[in-house]
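Spelled out, the chains give:
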Amino acid sequence: MRRAVAPLLAVTVALVLADSAVVTLALPDILRHLDTSVAQVAWVLISFNLVLALVAVPTALAFTWVPPRVLSAVGIAVFAAASAGCAVAPSIEVLIAARCVQALGGALALLGCLELLVAEYGERRGLAAWVTAGVVGTATGPVAGGLLTEAISWQAIFVVQVPVAALAVPAALAVRVAPVPTDRHRPAVRPHLTLALLSAALTAALFLLVLLLVDGWGRSPATAAITVSVVPVAALAARPLARLLRPGEEVETAVGCFLVAGGLVGLAIPPSAHLAWTVAPQALVGLGLGLTIDRLTARAIHLRLPRVEHAGWTIGARHVGVVVGLAILTPVFTADLEDAQAPAQEAIASLVLDAPLPAQDKIALARALGDELTAQQGQVPDLHRVFAAADLAPGVRPAAAALERDLDSQLERAATRAFRDSFLVGAGLAVLALLSVVVPRPGRRA
Amino acid sequence: MSARAVALPGIAAALVGGVLAVQVAYGGGSFEPLRPRAPCAARTVVSQSEGIEALTERLVLIAVDRAACRLDVSREAFLLDVAGPGVRSDAEVDALRAALHDAVAQMKADDTLPPASDLVDEALDAASLNGLLEAVIRALPDSAIDAALRTDDVLDRAIDDLDLRALLADLDDQDELEARVEVAVSAAVTDSLVARVRDLI
């Protein structure tokens, strides 16, 4: 049991931070199952990040009065109970409320686990374990959520968290921790600013990419999950690369920001809707993630007291970044999706008019396509249903199949175009993060 | 600056530059929906249908091109506009009627209008005439029909008789215009023939 304590606490950290984006791929299923609106379902994602951002620092203050192992155990238990509540939520309102409670418990669990891991492993190794678990959780959250949604259901995302968290409660209580010191260092502003901007940019990378893959290109959540797994794999490759080259902390962080920006520009301009075109840009984002988040987090916390309070600042900064990223990007891509409808309809009209099909078939297809577009207002329509249901003579089926391929291509083009500006805004946020690293501090000589 | 300090930035610059260069080289940035052609760009209109259906398809496609050109909007934007909900403007109705007449004139000039005799059987099949009258018309030789009826006259008359405002107000989709015009053309062919036969009798 003793050996399992630290790994269980690290897994808890990964679980809580994975929850930041774990529901991204489940949002369409939640929308359908709870019969809600797109605006409301987005709050399943936003509420968790917003509450975590708001309560992280105030929660850290509580660790001065209450022993960390007690607060950690309470936080993990609340997180587990709220996860169970999310899984059985009968309405969107209950789900959002449960997500808020989950974030509250999650904040206690995250901060407590840092103290417990440091108690178990020592300052440097404990902090490294806490930071690495967080990076792994953040990067793998959408992948795990997508696979669970596809294989079982969106509720499974929350159900699987309950037993792991339940096991971590006695693990937390088993750790003896020294009281939190009362000495105070000022928070490091610059790493937090960079963390916030970079988190906003990474939100663009993960959140927008899964939306593009599932809603824009019509891939299944499982396919999308496997596709976006490039990011965590590349993130893991970043550390050995940095160890090999030893470029220095600031250079490493600046390069990481640059890679995230470059990857987002790459995601903005794929040459086609083939999944392979997302691999290299994602690898850039993953490498950037691996070079930055853990370095910045460690820099903001290492040797600063009280440690738990500075950890609260990093969690707050990261999740403020996520919320700001969502707040900036959601209206941009929603407006762009609406703007994409007219060009897509014109392209469809043009292809149907010029299709080498008899006039009656064109009329029948145009009617059915119009109905499909109307029925799926606001979403990318599934045109295959129209062609599968069409009563076409065998002689014209090849031409109809070619038309279906062309129309699908037009929809993919329209969706890709609609996401472009959002990815570029994300790249802009990563460039701002880069500037926050490279611009000299006031009073500091070059 | 040491080689170690510039190695990682150099590798990163090469990776980002390489990825973006390959994407742009393969068309990244231009993966966008098809852009409609300029409103007055020349367009070859072909039909996979036969008889009146082919005639009306070509007529309507040419007319939509011409109407869009008159209104200085793309063909697709014009069609989506007239097929969508809302009130049609006088400019749209007038442009479409004028464009239909233009289309007849163009097809006549291209010598792509079929003789009236080619349309008779199909028009009679679609009409519900009394048996005797239908038998008389079917018995007429093609030369007599072509001498009595000119396709462009029939089409122009059909276009003049079309209540385009009501027709456009009731359209469900962009291709339905074609179906409605086809019905009108069939009716015009039949009505003209019936009128001629009645005149002869």
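Residues numbered from 1 in each chain as written. Chains lettered and ligands numbered in written order. Predicted model: local features only at pLDDT ≥ 70, side-chain atom pairs only at ≥ 80, totals over all residues. Heavy atoms only, no water.

## So, the overall build of chain B
- Looking only at helices and strands, chain B features 10 helices and zero strands.
- Moving toward the C terminus, one meets the helices and strands of chain B in the order α-α-α-α-α-α-α-α-α-α.
- Relative to a compact globule of 201 residues, whose C-alpha radius of gyration would be 17 Å, chain B shows 27 Å and is clearly more extended.
- Dimensions of chain B along its principal axes, counting C-alpha atoms only, are 105 × 35 × 30 Å.
- Counting across all 201 residues of chain B, residues that qualify as buried make up 45%. (Helix = DSSP H or I, 4+ residues; strand = E, 2+ residues; numbered from the N terminus. Rg over C-alpha atoms; globule rule 2.2 N^0.38 Å. Buried < 20%, exposed > 50% of the residue type's maximum accessible area, 1.4 Å probe, protein only.)

## Let's talk about the overall build of chain A
- Along its length, chain A carries 17 helices and zero strands.
- Taken over the C-alpha trace, chain A has a radius of gyration of 24 Å; the compact-globule value for 446 residues is 22 Å, and the two agree within 12%.
- Each of the three principal axes of chain A carries a C-alpha extent, and together these read 80 × 55 × 30 Å.
- Sequence separation of 24 or more characterises 84% of the internal contacts of chain A that already satisfy a separation of 6 or more.
- When the accessible surface of chain A is summed, it comes to about 17,200 Å², and 66% of that surface belongs to carbon and sulfur atoms.
- Averaged over its 31 positive side-chain charges, chain A has a centre that lies 16 Å from the centre of its 30 negative ones. (Contact = heavy atoms within 4.5 Å. Areas by Shrake-Rupley, 256 points an atom, 1.4 Å probe, with all protein chains shown as cover. Lys, Arg positive; Asp, Glu negative; His and termini not counted. Charge placed at Lys NZ, Arg CZ, Asp CG, Glu CD.)

## Quick notes on the interface of chain B and chain A
- Contacts between chain B and chain A engage 44 residues on the former and 49 residues on the latter.
- Summing both partners gives a buried area of about 4,000 Å² for chain B against chain A, and 68% of it is carried by carbon and sulfur.
- Considering only the side of chain B, the residues that lose the most area to chain A are B:Leu8, B:Gln23 and B:Phe31, jointly responsible for 20% of the buried surface there.
- Our count for the chain B to chain A interface comes out at four salt bridges.
- A salt bridge links A:Lys362 to B:Glu57; the shortest N-O distance between them is 2.7 Å.
- At the junction of chain B and chain A, the tally comes to 10 residue pairs in polar contact (both at pLDDT 80 or more).
- Looking at the side of chain B that touches chain A, the elements with two or more residues in it are helix H1 (3–25), helix H2 (51–71), helix H3 (75–83) and helix H10 (176–200) of chain B.
- Looking at the side of chain B that touches chain A, the element that brings in the most residues is H1(B), giving 15 residues.
- Within the side of chain B that touches chain A, the residues separate by chemical class into 23 nonpolar, nine polar and 12 charged. (Buried area = accessible area lost by both parts, 1.4 Å probe. Salt bridge = Lys/Arg side-chain N within 4 Å of Asp/Glu carboxyl O. Polar contact = N/O pair within 3.5 Å; in protein donor to acceptor, adjacent residues only side chain to side chain. Nonpolar A, V, L, I, M, F, W, Y, C, P; charged D, E, K, R; others polar.)

## A word on the nonpolar core
All names here are of chain A.
- In this structure, Ile30, Val44, Leu95, Trp130, Leu264 and Phe423 are the most contacted members of the largest nonpolar core, which totals 139 residues.
- Sort the elements by how many residues they give to this core and helix H9 (residues 189–216) lands first, with 18 residues.
- Both domains that furnish three or more residues to this core are identified here as domain 1 (1–180) and domain 2 (187–446).
- Setting aside residues up to four positions removed in sequence, Leu95 forms contacts with Ile30, Leu34, Val44, Cys86, Ala89, Trp154 and Phe158. (Core = buried A, V, L, I, M, F, W, Y, C linked by side-chain atoms within 4.5 Å. Domains from an automatic or database assignment.)

## So, the packing of H9(A) against helix H12 (residues 249–268) of chain A
All names here are of chain A.
- It is at 11 Å that the axes of H9 and H12 come closest, and there the two elements cross at 30°. Taken together, the axis directions place H9 and H12 in an arrangement best described as roughly parallel. Remark: the crossing between H9 and H12 carries left-handed chirality. For the pair H9 and H12, contact is made by Thr194, Leu198, Ala201, Leu202, Ala204, Ala205 and Leu209 and by Thr253, Cys257, Val260, Leu264 and Leu267, respectively.
- Partitioned by chemical class, the residues of the contact of H9 with H12 number 10 nonpolar, two polar and no charged. (Axes fitted to C-alpha atoms, helices over the stretch in contact; angles between N-to-C directions. Parallel < 35°, antiparallel > 145°, perpendicular 65-115°, else oblique. Left-handed = near helix turned anticlockwise from the far one by under 90°.)

## Here we look at empty space enclosed by the protein
Residue and element names in this part refer to chain A.
- Within this structure, the stated rule accounts for five cavities of 30 Å³ or more.
- Space inside the largest cavity adds up to approximately 230 Å³.
- In terms of lining residues, the largest cavity is bounded by 19 residues, among which Ser20, Ala21, Thr138, Thr203 and Val322 are the most central.
- Going through the elements one at a time, helix H1 (2–18), helix H3 (38–62), H9, helix H13 (276–301) and helix H14 (307–354) are the ones with two or more residues in the lining of the largest cavity.
- The element best represented in the lining of the largest cavity is H9, accounting for five residues.
- Grouping the amino acids of the lining of the largest cavity by side-chain chemistry returns 11 nonpolar, seven polar and one charged.
- The two domains that each donate at least three residues to the lining of the largest cavity are domain 1 (1–180) and domain 2 (187–446). (1 Å grid on protein atoms, 1.4 Å probe; cavity = no way out; pocket = protein on both sides within 12 Å on 5 of 7 lines; lining within 4 Å. Points joined across faces, edges and corners; volume = space filled by probe spheres on them.)

## Considerations on the domain arrangement of chain A
Residues and elements named next belong to chain A.
- The domain boundaries assigned to chain A delineate domain 1 (1–180) and domain 2 (187–446).
- Taken over both partners, the interface formed by domain 1 and domain 2 buries close to 3,300 Å², and the fraction arising from carbon and sulfur atoms is 80%.
- At the surface where domain 1 touches domain 2, the tally comes to two salt bridges.
- With a shortest N-O distance of 3.0 Å, Arg307 and Glu123 are connected by a salt bridge.
- Inspection of the domain 1/domain 2 interface yields three residue pairs in polar contact (both at pLDDT 80 or more).
- Counting residues per element, the ones that place at least two in the side of domain 1 that touches domain 2 are helix H2 (27–33), H3, helix H5 (92–121) and helix H6 (123–151).
- The element best represented in the side of domain 1 that touches domain 2 is H6, accounting for 16 residues.

## Comments concerning the packing of aromatic side chains
- Using the criterion set out here, one finds three aromatic pairs over all chains in the structure.
- Aromatic side chains A:Trp277 and B:Tyr26 sit 5.4 Å apart centroid to centroid with 50° between the ring planes, which places their arrangement in the tilted category. Linking A:Trp277 in helix H13 with B:Tyr26 in the loop between H1 and H2, this pair reaches from one chain into another.
- Look at A:Trp277 and you get partly exposed, because its relative accessible area is 22%.
- Positioned over the ring face of A:Tyr121 is A:Arg125, at 4.1 Å from the centre of the ring. (Phe/Tyr/Trp six-rings, centres within 6.5 Å; stacked < 30°, edge-to-face > 60°. Lys NZ or Arg CZ within 6 Å of the ring centre and 35° of its normal.)

## Considerations on the state of the cysteines
- Using the criterion set out here, one finds one disulfide over all chains in the structure.
- Note that B:Cys40 is cross-linked by a disulfide to B:Cys69, the S-S spacing being 1.9 Å. The disulfide joining B:Cys40 to B:Cys69 has a torsion of about 100° about its S-S bond and is therefore right-handed. Highlighted residues: B:Cys40 in the loop between H1 and H2 and B:Cys69 in helix H2, separated in sequence by 29 residues.
- For A:Cys86, which is in no disulfide, the shortest distance to another cysteine sulfur is to A:Cys100 and amounts to 9.3 Å.
- We classify A:Cys100 as partly exposed; its relative accessible area is 26%. (Disulfide = S-S within 2.5 Å.)

## Thoughts on a nonpolar patch on the surface
- On the surface, a nonpolar cluster with roughly 440 Å² of combined accessible area is contributed by A:Leu61, A:Trp65, A:Val66, A:Val70 and A:Val74.
- Counting through the fold element by element, A:Trp65 comes out in the loop between H3 and helix H4 (68–87). (Patch = residues over 30% accessible without salt bridge, like charges linked within 9 Å, V, L, I, M, F, W, Y side chains within 5 Å.)

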